[in-house]
Amino acid sequence: FKWSENILNHVKNDIPIPRMYFPYIPKNISQYETNKKKLVFTAILLPIALRGNELVLEERKQMKIAFSTNNIYQIERFSKKYKIKNFKKINFSTLNRSELRRIKLELLNKINSIPISLILAQSIIESGWGASRFAQEGNALFGQWTWSGEGLKPKEADESQGHKVMKFNVLQASVRAYQRNLNTHKTYKDFRLARAQLRDEGQPLDSIILAQFLDEYAETGQEYVKILRKIIDQNNLKDFDNAKLLPSSMELESLI
């Protein structure tokens, strides 16, 4: 609890936080009183979310370099990873300037960070502050579905339904999968366009604004958006949007 308080005090005082990445949520977090549960969950997830955005922005930088140096191998790699439109039909060895520009614009829309307050809010809703069975048994913080053999079967799911909830070895992998989902899936195209518009206008990536484009994340639609915004407001999650990690040269990244 003391460590968690220190992490949040660092943010409050605009001090970079340690690169300390817990692999899982404490198994007894559901037994904590509400305020302590919120405190611990937020402190654990914050550096992991920041690291996730750091990795995405590093990819964005590498992607820009690939286009400036005409590194076709890298351009093709990013195009495949971020599911560029008609990727399988593109002959990357014969791309003209117009085609390269189209691909670059699509990648710029897709390879971008997600507001920390939004990451926190969605993980809170989907994992019940880390106390859900999926979070405890599979490090699944965002309720993402899978139709492969790997995953956790929802107890209330009908036998005829083939989906499971994705599980992960560590929390960082759950955050990375969530980011890739919002950054690639066609369902969140409008989310990415709104994010790009805010960025182009020099505006901060506002989670309250962007939340309206996540109505299809859950079956409850607009009700989900209302809850998402309520979670952000009631827990002052936007206070974490400007949080920073200590430079990696100052502290070795550590696992607990």
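Residues numbered from 1 in each chain as written. Predicted model: local features only at pLDDT ≥ 70, side-chain atom pairs only at ≥ 80, totals over all residues. Heavy atoms only, no water.

**Q** Explanation requested: the overall build of the protein in the structure shown.
**A** Scanning the protein from N- to C-terminus turns up ten helices and four strands. Its helices and strands taken in sequence order, the protein reads α-β-α-α-α-α-α-β-β-α-α-α-α-β from the N to the C terminus. Taking the contacts inside the protein whose residues are at least 6 apart along the sequence as the reference set, 64% of them involve residues at least 24 apart. For the protein, the exposed surface amounts to about 14,000 Å²; the carbon and sulfur share of it is 49%. (Helix = DSSP H or I, 4+ residues; strand = E, 2+ residues; numbered from the N terminus. Contact = heavy atoms within 4.5 Å. Areas by Shrake-Rupley, 256 points an atom, 1.4 Å probe, with all protein chains shown as cover.)

**Q** Would you mind going over helix α4 (residues 97-110) with me for this structure?
**A** An ideal rise of 1.5 Å per residue puts 20 Å on 14 residues; α4 measures up with 20 Å between its terminal C-alpha atoms. When we look at burial in α4, the residues that qualify are Leu 100, Ile 103, Glu 106, Leu 107 and Lys 110. One side of α4 holds all its buried residues, which, seen down the axis, span an arc of 130°. Exposed residues lying more than 90 degrees from the buried face of α4 are Arg 97, Ser 98 and Arg 101. The secondary structure elements touched by the buried residues of α4 are α2 (34-68), α3 (72-81), α7 (171-184) and α8 (189-200). Taking the backbone nitrogen of Ser 98 as reference, a side-chain oxygen 3.1 Å away marks Asn 96 as the first, capping residue of α4. (Expected span 1.5 Å × (residues − 1). Buried < 20%, exposed > 50% of the residue type's maximum accessible area, 1.4 Å probe, protein only. Arc of directions from axis to C-beta. Polar contact = N/O pair within 3.5 Å; in protein donor to acceptor, adjacent residues only side chain to side chain.)

**Q** Is there a simple way to think about the environment of Ile 124 in this case?
**A** Examined against the element boundaries, Ile 124 turns out to sit in helix α5 (residues 116-127). Considered as a pair, Ile 124 and Phe 41 are 83 residues apart in the sequence and their alpha carbons are 8.6 Å apart. With near-sequence residues (within four places) excluded, Ile 124 lies in contact with Phe 41, Trp 129, Ile 231 and Leu 237.

**Q** Before we go on, may I ask you to explain the side chain of Asn 235 in this structure?
**A** Along the polypeptide, Asn 235 turns up in the loop between α10 (222-234) and β4 (254-255). Looking at Asn 235, its side chain comes within polar contact range of the side chain of Lys 38, at 3.4 Å. A polar side-chain atom of Asn 235 sits 2.9 Å from the main-chain carbonyl oxygen of Ile 231. Ignoring anything within four residues of it in the chain, the contact list for Asn 235 reads Lys 38 and Trp 129.

**Q** Sorry, what's going on with the packing of aromatic side chains here?
**A** Each aromatic ring pair is summarised here by two numbers: the centre-to-centre distance and the angle between the ring planes. For the structure on display, the rule yields seven aromatic pairs. Here Trp 3 and Phe 22 contribute two aromatic rings whose centre-to-centre distance is 5.1 Å and whose plane-to-plane angle is 55°, an arrangement assigned as tilted. Residue Trp 3 is located in helix α1 (residues 2-12), and its partner Phe 22 is located in the loop between β1 (20-21) and α2; the two are separated by 19 residues in the primary sequence. In this structure Phe 22 comes out as buried when scored by relative accessible area, which is 19%. With a centroid separation of 5.8 Å and 15° between ring planes, the pair formed by Tyr 217 and Tyr 224 is classed as stacked. By relative accessible area, Tyr 217 is classed as buried at 14%. One cation-aromatic arrangement involves Lys 27 over Tyr 24; the distance from NZ or CZ to the ring centre is 5.4 Å. Its guanidinium or amino end placed over the ring of Phe 1, Lys 36 lies 4.5 Å from that ring's centre, counting from NZ or CZ. (Phe/Tyr/Trp six-rings, centres within 6.5 Å; stacked < 30°, edge-to-face > 60°. Lys NZ or Arg CZ within 6 Å of the ring centre and 35° of its normal.)

**Q** Is there a simple way to explain the nonpolar core in this structure?
**A** The tendency in soluble globular proteins is for nonpolar side chains to be buried side by side. Counting 50 residues, the largest nonpolar core has Leu 46 and Leu 118 as its most contacted members. At nine residues, the largest contribution of residues to this core is made by α2. Among all residues touching Leu 118, those that are not within four sequence positions of it are Tyr 178, Phe 191, Ser 207, Leu 210, Ala 211, Leu 214, Leu 228 and Ile 232. In this structure, Ala 66, Phe 67, Ile 75 and Leu 95 belong to the second largest nonpolar core, which totals 16 residues. (Core = buried A, V, L, I, M, F, W, Y, C linked by side-chain atoms within 4.5 Å.)

**Q** Please clarify how α3 should be interpreted in this entry.
**A** For an α-helix, 3.6 residues make a turn, and residues three or four places apart therefore share a direction. Every buried residue belonging to α3 is among Gln 74, Ile 75, Phe 78 and Ser 79, and all of these are buried. Down the axis of α3, the sector holding all buried residues measures 135°, keeping them to one side. Facing away from the buried surface of α3 by more than 90 degrees, the exposed residues are Tyr 73 and Lys 80. Looking at the buried residues of α3, the elements they touch are α2 and α4. Where α3 terminates, the next one or two residues include Lys 83, which has phi positive at roughly 55°.

**Q** Sorry if this is basic, but what is going on with a positive patch on the surface here?
**A** On the surface, Lys 64, Arg 101, Lys 104 and Arg 199 cluster together into a patch of positive charge. Tracing the backbone shows Arg 199 in helix α8. In this structure Arg 199 comes out as partly exposed when scored by relative accessible area, which is 37%. (Patch = residues over 30% accessible without salt bridge, like charges linked within 9 Å, V, L, I, M, F, W, Y side chains within 5 Å. Salt bridge = Lys/Arg side-chain N within 4 Å of Asp/Glu carboxyl O. Lys, Arg positive; Asp, Glu negative; His and termini not counted. Charge placed at Lys NZ, Arg CZ, Asp CG, Glu CD.)

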